[in-house]
Amino acid sequence: MRARFMMMLGLGPAVARLKLRRCESVGATPTVWGHVWIHGEGEVQIGDRVVFDARMAPIELHAQRGGRIVIQDDVTIEGGSSIEAQSCVTLGARSRLGMWCKLMDNMYHPVRGNRHERPQSVPLMVEEGVTVGSRSILLPGTHLQKGASVASGTVISRRIPPGVTVGGSPARVLRREGAR
């Protein structure tokens, strides 16, 4: 009710811009419901008509020094999701990120060897029209191509072809576009 009242007064985009004030750039008519935590010394760029639905849990955007988070036009991000960038994380236009998703371009320590050394960051790319199901984890080097769909709870660390549905841990192709 309160959100509807604020929209009728035209305060919705103004309040959203206030909540997104730490971003490098914010496009036209953003929507923010709930809390969005933006921190780090890197850049966060928000496109037009981006929706942050954090009513159930806060959304975290963390761009470290030299890192960039780019969220293109018409993207929807649901509550509890976290995006961490040391180099670059990009969400393409018309993409949707479900609840409790984790996107990161660095593992912060190697699996083997000296666990105090930080590994090289590998950019993470989600192209346009991609849907990522809730509780999915996108690891460094993930590249979801146009129109791909990710089932809930999937862990991905590689390139996924356009128009396929993937699921599992590790991810495997469940269905191809046009296949019955």
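Residues numbered from 1 in each chain as written. Predicted model: local features only at pLDDT ≥ 70, side-chain atom pairs only at ≥ 80, totals over all residues. Heavy atoms only, no water.

Peer 1: Would you mind going over the overall build of the protein chain in detail, with residue names and values included?
Peer 2: Per the secondary structure count, the protein chain includes 2 helices and 19 strands. Its C-alpha radius of gyration of 17 Å places the protein chain within 12% of the 16 Å reference for a compact globule of 180 residues. Taken over the C-alpha atoms alone, the protein chain extends approximately 55 × 45 × 25 Å along its principal axes. Among the 180 residues that make up the protein chain, the fraction classed as buried is 44%. In the protein chain, of all internal contacts separated by at least 6 residues, the share reaching a separation of at least 24 is 23%. Within the structure as shown, the protein chain displays about 9800 Å² of accessible surface, and the carbon and sulfur contribution to it stands at 52%. One way to put it: in the protein chain the 24 positive side-chain charges average out to a point 6 Å from where the 15 negative ones average out. (Helix = DSSP H or I, 4+ residues; strand = E, 2+ residues; numbered from the N terminus. Rg over C-alpha atoms; globule rule 2.2 N^0.38 Å. Buried < 20%, exposed > 50% of the residue type's maximum accessible area, 1.4 Å probe, protein only. Contact = heavy atoms within 4.5 Å. Areas by Shrake-Rupley, 256 points an atom, 1.4 Å probe, with all protein chains shown as cover. Lys, Arg positive; Asp, Glu negative; His and termini not counted. Charge placed at Lys NZ, Arg CZ, Asp CG, Glu CD.)

Peer 1: Residue-level account of the sheet that holds strand β5 (residues 68-71), with values.
Peer 2: Taking strand neighbours across the sheet as the criterion, the 7 strands line up as β1-β3-β5-β8-β11-β14-β17 in an open arrangement whose pairing is parallel. Every interior strand has two partners, whereas the edge strands, β1 (25-26) and β17 (159-160), have only one. (Pairing = 2+ DSSP bridges.)

Peer 1: Before we move on, can you summarise the pairing of strand β8 (residues 88-91) with the specific residues and values?
Peer 2: Alternating residues of β8 divide into C88 and T90 and V89 and L91, and every residue in both groups is buried. Here β5 runs beside β8; their pairing, made up of 4 bridges, is parallel. For V70, the partnering residue across the bridge sits in β8 and is T90.

Peer 1: Which residues make up the nonpolar core, and what values do they have?
Peer 2: Residues F52, L61, I71 and L103 are the most contacted members of the largest nonpolar core, which totals 38 residues. Elements represented by at least two residues in this core include exactly β2 (31-39), β3 (43-46), β4 (51-63), β5, β7 (82-85), β8, β11 (124-126) and β18 (164-167). The element contributing the most residues to this core is β4, with 5 residues. Ignoring sequence-local partners within four residues, the contact set of L103 consists of S82, I83, E84, V89, L91, L97, L124, V126 and L138. (Core = buried A, V, L, I, M, F, W, Y, C linked by side-chain atoms within 4.5 Å.)

Peer 1: Quick one: what's the story with the packing of aromatic side chains, residue by residue and with numbers?
Peer 2: Taken as a whole and judged by the stated rule, the model has 0 aromatic pairs. One residue, R55, lies across the ring of W33, its end atom 4.4 Å from the ring centre. (Phe/Tyr/Trp six-rings, centres within 6.5 Å; stacked < 30°, edge-to-face > 60°. Lys NZ or Arg CZ within 6 Å of the ring centre and 35° of its normal.)

Peer 1: So what's going on with the environment of G27? Residues and values would help.
Peer 2: Checked against the element boundaries, G27 lands in the loop between β1 and β2. Apart from residues lying up to four places away in sequence, G27 is in contact with R17, I46, G47 and D48.

Peer 1: Describe in detail the side chain of S95, supporting the description with residues and values.
Peer 2: With respect to the helices, strands and loops of the structure, S95 is situated in the loop between β8 and β9 (96-97). Engagement of the side chain of S95 in a polar contact is seen with the backbone oxygen of E127, the distance being 3.1 Å. Leave out the neighbours within four places in its chain, and S95 touches D74, V75, T76, V126, E127, E128, G129 and V130. (Polar contact = N/O pair within 3.5 Å; in protein donor to acceptor, adjacent residues only side chain to side chain.)

Peer 1: Residue-level account of the state of the cysteines, with values.
Peer 2: In this structure the tally under the stated criterion is 0 disulfides. No disulfide involves C88; its sulfur sits 14 Å from the nearest other cysteine sulfur, which is in C23. Here C88 falls in the buried class, since its relative accessible area comes to 13%. Of the cysteine sulfurs around C101, a residue in no disulfide, the closest is that of C88, at 18 Å. C101 sits in the buried class, given a relative accessible area of 1%. (Disulfide = S-S within 2.5 Å.)

Peer 1: If you had to explain the pattern of salt bridges to someone new, which residues and values would you point to?
Peer 2: Where charged atoms from two side chains of opposite charge come close, those side chains can pair. This model, assessed by the stated rule, comprises 7 salt bridges. The salt bridge involving E84 is made with K102; its shortest N-O contact spans 2.2 Å. Residue E84 is located in strand β7, and its partner K102 is located in strand β10 (residues 102-104); the two are separated by 18 residues in the primary sequence. Residue class for K102 comes out partly exposed when judged on its relative accessible area of 24%. For R94, the salt bridge identified is with E128, shortest N-O distance 2.4 Å. Here E128 lies in the loop between β11 and β12 (131-132) and R94 lies in the loop between β8 and β9, a separation of 34 residues in the sequence. Connected through shared salt-bridge partners, R94, E128 and K146 make up one network. (Salt bridge = Lys/Arg side-chain N within 4 Å of Asp/Glu carboxyl O.)

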